[in-house]
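Structural overview
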Amino acid sequence: HYSFFPDRPRWRGRSQLTYAFRPENNLAENVRRVFSRAFERWSEVTPLTFVETASYGGADIRIGFFSGDHGDGEPFDGVLGTLAHAFSPPAGRFHLDGEENWVIDGDFLNTSPYSAVDLESVAVHEIGHLLGLGHSSVEDAIMYPTISSGTRKVELVNDDIMGIQELY
Ligand code: TQI
Ligand code: ZN
Ligand code: ZN
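Below, the structure is looked at part by part.

About the thresholds
- Residues numbered from 1 in each chain as written.
- Chains lettered and ligands numbered in written order.
- Predicted model: local features only at pLDDT ≥ 70, side-chain atom pairs only at ≥ 80, totals over all residues.
- Heavy atoms only, no water.
- Donors = N, O, S within 2.8 Å, 3.2 Å for Na, K, Ca; no water.
- Tetrahedral: all angles 85-135°; square planar, octahedral: opposite > 155°, others 65-115°.
- Helix = DSSP H or I, 4+ residues; strand = E, 2+ residues; numbered from the N terminus.
- Polar contact = N/O pair within 3.5 Å; in protein donor to acceptor, adjacent residues only side chain to side chain.
- Contact = heavy atoms within 4.5 Å.
- Buried < 20%, exposed > 50% of the residue type's maximum accessible area, 1.4 Å probe, protein only.
- 1 Å grid on protein atoms, 1.4 Å probe; cavity = no way out; pocket = protein on both sides within 12 Å on 5 of 7 lines; lining within 4 Å.
- Points joined across faces, edges and corners; volume = space filled by probe spheres on them.
- Nonpolar A, V, L, I, M, F, W, Y, C, P; charged D, E, K, R; others polar.

A closer look at the coordination of the zinc ion (ligand 2)
- The protein atoms that coordinate the zinc ion (ligand 2) are His70 (NE2), Asp72 (OD), His85 (NE2) and His95 (ND1), at distances of 2.0 to 2.1 Å.
- Between the 4 donor atoms coordinating the zinc ion (ligand 2), the angles at the centre fall across 96 to 118°, so the site counts as tetrahedral.
- Donor residues binding the zinc ion (ligand 2) come from one chain and are separated in sequence as H-x1-D-x12-H-x9-H. In this pair, His70 is assigned in the loop between strand S3 (61-66) and strand S4 (84-86) and His85 in strand S4, connecting sequence segments 15 residues apart.

Below is the structure:
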């Protein structure tokens, strides 16, 4: 079953949210499209729309790849372990571990074929957190707290949809 954060934070009174990519990452178009598709999965089942903006500082949701200690008190740990973190509304902070072997549309972003992590799967999960969902006890749910390495899991299931529709 789905869950929320304590006090049920959500993006109250907002239907359009903006997102921006950390300029220093210079993300390729195919990487940006992965995030765009991940947002779409949530907008299909809510009144929410997500629009990319060039202004990193002015965006509701700020997406960036970082390595190790990156100044927010939650350092990344290299390959595997923590893959990404996102915070409850209205923080909008969406950080990914730049040292993971991210898989983009089945291709490796870094060089190693080991410990591959599917970017879209992680993005759909983290966006759930950004919108106010906690973890789910339903194993098939996007918001279930574990995923096997190399697995692709990008489809919202009924449990995710029931949860997000209770918030929006
Ligand atoms: N990052 C954890 C996560 O997003 C961070 C975290 C731990 C967390 N406890 C939390 C976030 C409680 C909000 C509330 O769950 S992670 C997965 C999964 C991670 C894990 O790097 O461990 C995914 C990131 F579910 F597959 F294990 C993305 Cl999809
Ligand atoms: Zn961080
Ligand atoms: Zn999580």
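Things to note about the side chain of Arg22
- Examined against the element boundaries, Arg22 turns out to sit in the loop between strand S1 (16-21) and helix H1 (29-43).
- A polar contact of 3.1 Å, which involves the side chain of Arg22, links it to the backbone oxygen of Phe65.
- In this view, Arg22 contacts Tyr56, Ile63, Gly64, Phe65 and Phe66; residues no more than four positions away in its chain are not counted.

So, unusual backbone geometry
- In this chain, Pro89 is followed by Pro90 through a cis amide linkage whose omega measures 0°.
- The topology assignment puts Pro90 in the loop between S4 and strand S5 (93-97).
- With a phi close to 75°, Asp7 is a non-glycine residue in the positive phi region.
- Its place among the elements puts Asp7 in the segment before S1.
- In this structure Asp7 comes out as exposed when scored by relative accessible area, which is 80%.

A look at the layout of surface pockets
- The computed volume of the largest pocket comes to approximately 510 Å³.
- Lining the largest pocket are 25 residues; nearest its centre among them are Leu83, His125, Glu126, Pro145 and Ile147.
- Sorting elements by how many residues they give to the lining of the largest pocket places helix H2 (residues 119-131) first, with 5 residues.
- Within the lining of the largest pocket, the residues separate by chemical class into 11 nonpolar, 11 polar and 3 charged.

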